[in-house]
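Inside the fold
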Amino acid sequence: MSDDLKKIHPYLPTLLTQLRKGKVDRREFLRTSTLLGLSATAAYGLAGCDEKKEEQASSESTTAATTTTTQTAAAPAENVVRVGMRVPALDNPATFSWVYDSNVVRQSNDYLTRTGYDNVTRPWLLEKWEASADLKTWTLILKKGIKWSNGDELKADDVIWNLKRWLDESVGSSVVGLMKGYMLVEYDTGQKDDAGNAKMGTKLWEDNAIEKVDDYTIRLNCKEAQLAVPEHLFHYPALILHPSENGKWGVNSIGTGAYNCTELEVGKKAVMKRRDGYWGNKAAVETIEFIDLGDDPAASVSALASKQIHGLYEASTSQYAALQKMDHINLYTVSTGQTAVARMQPIHDTWKDAKVRKAMRLAIDTEKVLQVAHLGLGSAGEHHHVCPIHPEYAKLEFMKQDIDGAKKLLADAGMPNGFETEIFCKKDPDWEPQAVQAMAEMWKQIGVNVKINVLPSSQYWEIWNKETAPFAFTTWTHRPLGVMVLGLAYRSGVPWNESFYSNPDFDATLTKAEGILDVEERRKVMADLEKIMQEDGPIVQPLWRAVFTGFDKRVKGFQIHPTYYLFAEEWSLTA
């Protein structure tokens, strides 16, 4: 067996030995072995567990039987599932900033990989992938015979076009945050900024960084070792689009998915119709409608109670009690790495001094914020954005509220009497302004008076990563690895670095962590990263969220994904 595993990747026999000796747990074995190219079925077999049962068990429901798909059950005359979810502009998927943007397009366009409810990543449009021993060469092999909705066959050129577009700095895709460390290099553009400093750009680190091997094979030749390439390919802006549409998406766009978009009204609804010729199993539900019900949580509850919709993309804490009382609704919940952070932009005078940023963290009783704002559903934040469920999480001494310590830091920073500032946050979901209000009361104790500016969601989306919002509260969704989150949010110069944080030591340490296979060794480096975040970082992180939603019991096959991804082709509807 060892020789067979070595043929897939040289590290697999070591990993299996570590599992058998109890040095890695089953979850880490499953995640790492599949990332190295072992099939999920084989990985589950070696771990001594059932793949289907484990994946279903990852999504909890108040009624266990509801997770069983019943494709053979009789469908109602109106075979339509309606979901309450925001419907923003969707014309440029590579720049999506929110999961619900991608939930519409995901029904018509696929990813190369798919990370399941069990956090294990599997090939999707890919047949398989292969990683070199040093993790610097990744070979991606497409399934043959997959047809676009216009009849073209999916080929390597299509994938290469998408990869290069994601990494084109003029596009502004957040994929850059994930891949910059191993696929890109900075260069002097020859231009100067207002301060006279050289303006830097990014480009592929060498001409053959993305290489076409044949019509079904693409090779990534990486600058640095990287463990998580397959998971990066499931980042929600990484949807595979047809090159002929030049990155734009809308009604009747060409896709490889199970549905076709037939109607799209921003702020109102999106309608997806089942299409013939889909390469996977035929979808059981004929039509999926996403209905935008606005920011008012009462409107969503009313629509669900009156059966105008079948389910919610996401439920809020103010809806929790009402959902529990609806007999026709199943309540689904899952532990996640979802959170929100009050990020401070060090490019502004108020937040330049690291002592001030740390003082803001020390002022907060995170356990109390969790109870007040999120019903205690989740766990207290630790101000470094690496979650206890991430495999490489390093447990540090918990950063407790320390009012005296925070005041001393402010005094050392020349602000003994505190200061006044303003924070921006969203109105919806309602736990967000509640969390900000709770923190504002705690900041008062150190002399920092914070004016809260609550914006409609649509207005917040326009400023969340802009310099015009020096202090703001932003939600971040779940990612299966801690290094993914840190790369997206805090690596210097990447599109989703909303705090404009820039720390060369942090960047170098992160790149080092991304190339370490052994989770124990990676955890040692993560401890350094977490300490940098707590001492110097740009965020106050009050909590981790356990998330939940409600769906009509007639919708079978629904499971809650830790990232709130929806896969409508897995659903069926009974009368």
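About the cut-offs
Residues numbered from 1 in each chain as written. Predicted model: local features only at pLDDT ≥ 70, side-chain atom pairs only at ≥ 80, totals over all residues. Heavy atoms only, no water. Helix = DSSP H or I, 4+ residues; strand = E, 2+ residues; numbered from the N terminus. Rg over C-alpha atoms; globule rule 2.2 N^0.38 Å. Contact = heavy atoms within 4.5 Å. Areas by Shrake-Rupley, 256 points an atom, 1.4 Å probe, with all protein chains shown as cover. UniProt positions renumbered as here; feature names shortened; annotations may be inferred. Axes fitted to C-alpha atoms, helices over the stretch in contact; angles between N-to-C directions. Parallel < 35°, antiparallel > 145°, perpendicular 65-115°, else oblique. Left-handed = near helix turned anticlockwise from the far one by under 90°. Nonpolar A, V, L, I, M, F, W, Y, C, P; charged D, E, K, R; others polar. Core = buried A, V, L, I, M, F, W, Y, C linked by side-chain atoms within 4.5 Å. Buried < 20%, exposed > 50% of the residue type's maximum accessible area, 1.4 Å probe, protein only. Arc of directions from axis to C-beta. Polar contact = N/O pair within 3.5 Å; in protein donor to acceptor, adjacent residues only side chain to side chain. Pairing = 2+ DSSP bridges. Phe/Tyr/Trp six-rings, centres within 6.5 Å; stacked < 30°, edge-to-face > 60°.

1. A closer look at the overall build of the chain
Secondary structure summary: the chain contains 19 helices and 22 strands in total. Computed over its C-alpha atoms, the radius of gyration of the chain comes to 24 Å, within 12% of the 25 Å expected for a compact globule of 575 residues. Reported as C-alpha extents along the three principal axes, the dimensions of the chain are approximately 70 × 55 × 55 Å. Taking as baseline every contact in the chain between residues at least 6 positions apart, the subset at least 24 positions apart corresponds to 70%. Here the chain has roughly 21,900 Å² of accessible surface; of this, 47% comes from carbon and sulfur atoms.

2. Some details on the UniProt feature "domain: Solute-binding protein family" (unreviewed entry) in the chain
Sites flagged by UniProt as "domain: Solute-binding protein family" (unreviewed entry) map to residues 122–479. Structurally, residues 122–479 comprises 24% helix and 28% strand, and the distance from its first C-alpha atom to its last is 15 Å.

3. Section: the packing of helix H17 (residues 482–490) against helix H18 (residues 504–514)
Interhelical geometry of H17 versus H18 gives an angle of 150° and a closest axis separation of 10 Å. It follows from the interaxial angle that H17 and H18 lie roughly antiparallel. Here H17 runs over H18; the crossing is left-handed. Together, Val-483, Leu-486, Gly-487 and Tyr-490 of H17 and Phe-506, Asp-507, Leu-510, Ala-513 and Glu-514 of H18 make up the contact between the two elements. For the contact of H17 with H18, the class distribution of residues is 6 nonpolar, 1 polar and 2 charged.

4. Examining the nonpolar core
Counting residues in each nonpolar core, the largest one holds 136 residues, and the members touching the most others are Met-183, Phe-290 and Trp-571. Setting aside anything within four residues of it in sequence, one finds Phe-290 in contact with Val-83, Met-85, Val-87, Asn-103, Val-104, Gln-107, Lys-268, Lys-269, Ala-270, Met-272 and Leu-566. Phe-419, Ile-423, Met-442 and Val-450 belong to the second-largest nonpolar core, a separate cluster that totals 36 residues.

5. A short note on helix H10 (residues 297–305)
An α-helical turn contains 3.6 residues, so a residue and the one three or four places further along point in the same direction. Listed in full, the buried residues belonging to H10 are Ser-300, Val-301, Ala-303 and Leu-304. The buried residues of H10 occupy an angular sector of 165° when projected down its axis, which confines them to one face. The backbone nitrogen of Ala-298 has a side-chain oxygen 3.0 Å away, supplied by the residue at the start of H10, namely Asp-296.

6. Quick look at the pairing of strand S9 (residues 210–214)
Alignment of S9 against strand S10 (residues 217–221), held across 4 bridges, turns out to be antiparallel. If you follow Ile-210 over to S10, its bridge partner there is Leu-220. Taking the residues between adjacent antiparallel strands as the criterion, S9 and S10 are bridged by 2 residues.

7. A look at the side chain of His-561
Locating His-561 in the fold gives a position in the loop between strand S21 (555–556) and strand S22 (572–573). On the basis of relative accessibility, which here comes to 2%, the residue His-561 falls in the buried class.

8. Some points on the packing of aromatic side chains
One pass over the full model with this rule turns up 29 aromatic pairs. Between Tyr-236 and Tyr-565, the aromatic rings sit 6.4 Å apart at their centres with planes inclined by 85°, giving edge-to-face as the arrangement. Taken together, the residues Tyr-236 in the loop between helix H9 (229–232) and strand S11 (259–265) and Tyr-565 in the loop between S21 and S22 connect sequence positions 329 residues apart. The pair formed by Tyr-236 and Tyr-565 is uniform in burial state, with each residue classed as buried. Ring centres of Trp-443 and Phe-471 lie 5.5 Å apart, and the angle between their planes is 50°; on these two criteria the pair is classed as tilted. In this pair, Trp-443 is assigned in helix H15 (residues 431–444) and Phe-471 in strand S19 (residues 471–476), connecting sequence segments 28 residues apart.

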